[in-house]
Amino acid sequence: MDISLPNIADKAAFIRDNTRLRPVPLIPDISIFVADEAVPLWHKTEEEIGRDGLPPPFWAFAWAGGQALGRYVLDHPDVVGGKHVLDLASGSGLVGIAAMKAGAASVAVADIDPFARVAADLNAQHNGITLTIVARDLLASPGDEQWDVILAGDIFYERDTAQRAFDFLTRQALRGTSVLIGDPGRSYLPKDKLVAVATYGVPVTRDLEDADIKHTSVWSLAVR
């Protein structure tokens with residue numbers, strides 16, 4: 001289900017006014033619009049819209065899993081080179097931007113938060129990249145769409161979302177799609193069903209995480 005935010009007509013202007021363009025710590029050749037702190041931006045969004053209970057502004061930060069996943073595809077461009085890629089629950093679009101820079105034929109970024117979709121487009125433009133923006137909830141739609149590669153960063157943070165994401169990724173993997181996940185070991189990551197292919201020490205902010213450096217792995221989903 002999409003999130004309707006009618007009271008902020010110009011979301012791009014809101015993002016520019018409340019974030020700063022900064023290099024991504026683990027991928028400094030990519031810059032994205034990020035917030036200094038999560039809670040003030042969250043409250044600002046709710047005030048502007050006049051509605052409480054909005055989802056956190058996940059799009060306004062370079063999360064550990066996304067940084068690791070983006071670094072991995074840039075270090076291993078053969079993973080996405082010449083392929084059609086999906087960045088699932090894309091947030092800022094960081095991973096999709098990295099995939100395009102690594103030589104992907106095309107990248108679709110999917111997120112149900114309209115702010116995330118606008119942020120991904122802004123970030124892509126700044127980095128000289130074109131992304132295809134997907135608004136619908138792919139986890140809720142079985143669909144016949146298929147990609148060569150699916151990249152998913154920091155999606156296993158909540159039980160229901162984690163299960164829906166894993167079911168979707170498994171269905172895609174059974175069709176032959178290569179699935180890579182970036183995650184620092186969050187509570188609902190199904191490690192027993194994944195294989196770690198790389199690990200990075202990712203600089204993060206204490207406003208988001210419990211450490212200044214988050215040891216974060218890139219995982220492959222292998223189905224039998």
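**Student:** Looking at this structure, how should I read the overall build of the chain?
**Tutor:** Check the secondary structure of the chain and you find six helices and nine strands. Burial analysis of the chain (224 residues in total) assigns 54% to the buried set. Considering only residue pairs separated by 6 or more positions, the chain has 68% of its internal contacts joining residues 24 or more positions apart. Summed over its atoms, the accessible surface of the chain is roughly 10,100 Å², and 49% of this surface lies on carbon and sulfur atoms.

**Student:** Any chance you could explain unusual backbone geometry here in plain terms?
**Tutor:** Among all residues except glycine, the phi angle is most often negative; among peptide bonds, the trans geometry is most common. One non-glycine residue, Ala-89, adopts positive backbone phi at about 50°. Tracing the backbone through its elements, the reader meets Ala-89 in the loop between strand S3 (84-88) and helix H4 (94-101). You will see that Asp-154, though not glycine, has its phi angle at about 55°, which is positive. The residue Asp-154 is located in the loop between strand S6 (149-153) and helix H6 (159-174) in this model.

**Student:** Teacher, can you tell me more about the packing of aromatic side chains here?
**Tutor:** For any pair of aromatic rings, the description consists of the separation of the ring centres together with the inter-plane angle of the planes. All told, the structure shown has five aromatic pairs when counted by the stated rule. Here Phe-58 and Tyr-157 contribute two aromatic rings whose centre-to-centre distance is 5.4 Å and whose plane-to-plane angle is 45°, an arrangement assigned as tilted. Taken as a pair, Phe-58 in the loop between helix H2 (38-49) and helix H3 (64-75) and Tyr-157 in the loop between S6 and H6 lie far apart in primary sequence, 99 residues in all. Since its relative accessible area comes to 33%, Phe-58 is described here as partly exposed. Considering the side-chain rings of Trp-59 and Phe-115, the 5.7 Å spacing of their centres and the 10° angle between planes classify their relative orientation as stacked. Here the residue Trp-59 occupies a position in the loop between H2 and H3, and Phe-115 occupies one in helix H5 (residues 114-126), the gap between them amounting to 56 residues. Residue Trp-59 is classed as buried on the basis of its relative accessible area of 2%. Three or more aromatic residues link up through ring pairs in this structure, and these residues are Phe-58, Phe-61, Trp-63 and Tyr-157.

**Student:** Just to check I follow, could you spell out the sheet that holds strand S4 (residues 106-110) for this structure?
**Tutor:** Within a beta sheet, neighbouring strands are joined by backbone hydrogen bonds and run either parallel or antiparallel to one another. Overall, mixed pairing links the seven strands, which are arranged S5-S4-S3-S6-S7-S9-S8 in an open sheet. Edge positions in the sheet fall to strand S5 (132-134) and strand S8 (194-203), since each has one partner strand and no second. Across the sheet, the mean angle separating the axes of adjacent strands is 20° when strand polarity is ignored. Summarising the sheet, S6 and strand S7 (residues 178-183) pair through five bridges and their orientation is parallel. Bridging from a neighbouring strand, Ile-150 pairs with Val-179 of S7.

About the cut-offs
- Residues numbered from 1 in each chain as written.
- Predicted model: local features only at pLDDT ≥ 70, side-chain atom pairs only at ≥ 80, totals over all residues.
- Heavy atoms only, no water.
- Helix = DSSP H or I, 4+ residues; strand = E, 2+ residues; numbered from the N terminus.
- Buried < 20%, exposed > 50% of the residue type's maximum accessible area, 1.4 Å probe, protein only.
- Contact = heavy atoms within 4.5 Å.
- Areas by Shrake-Rupley, 256 points an atom, 1.4 Å probe, with all protein chains shown as cover.
- Phe/Tyr/Trp six-rings, centres within 6.5 Å; stacked < 30°, edge-to-face > 60°.
- Pairing = 2+ DSSP bridges.
- Axes fitted to C-alpha atoms, helices over the stretch in contact; angles between N-to-C directions.

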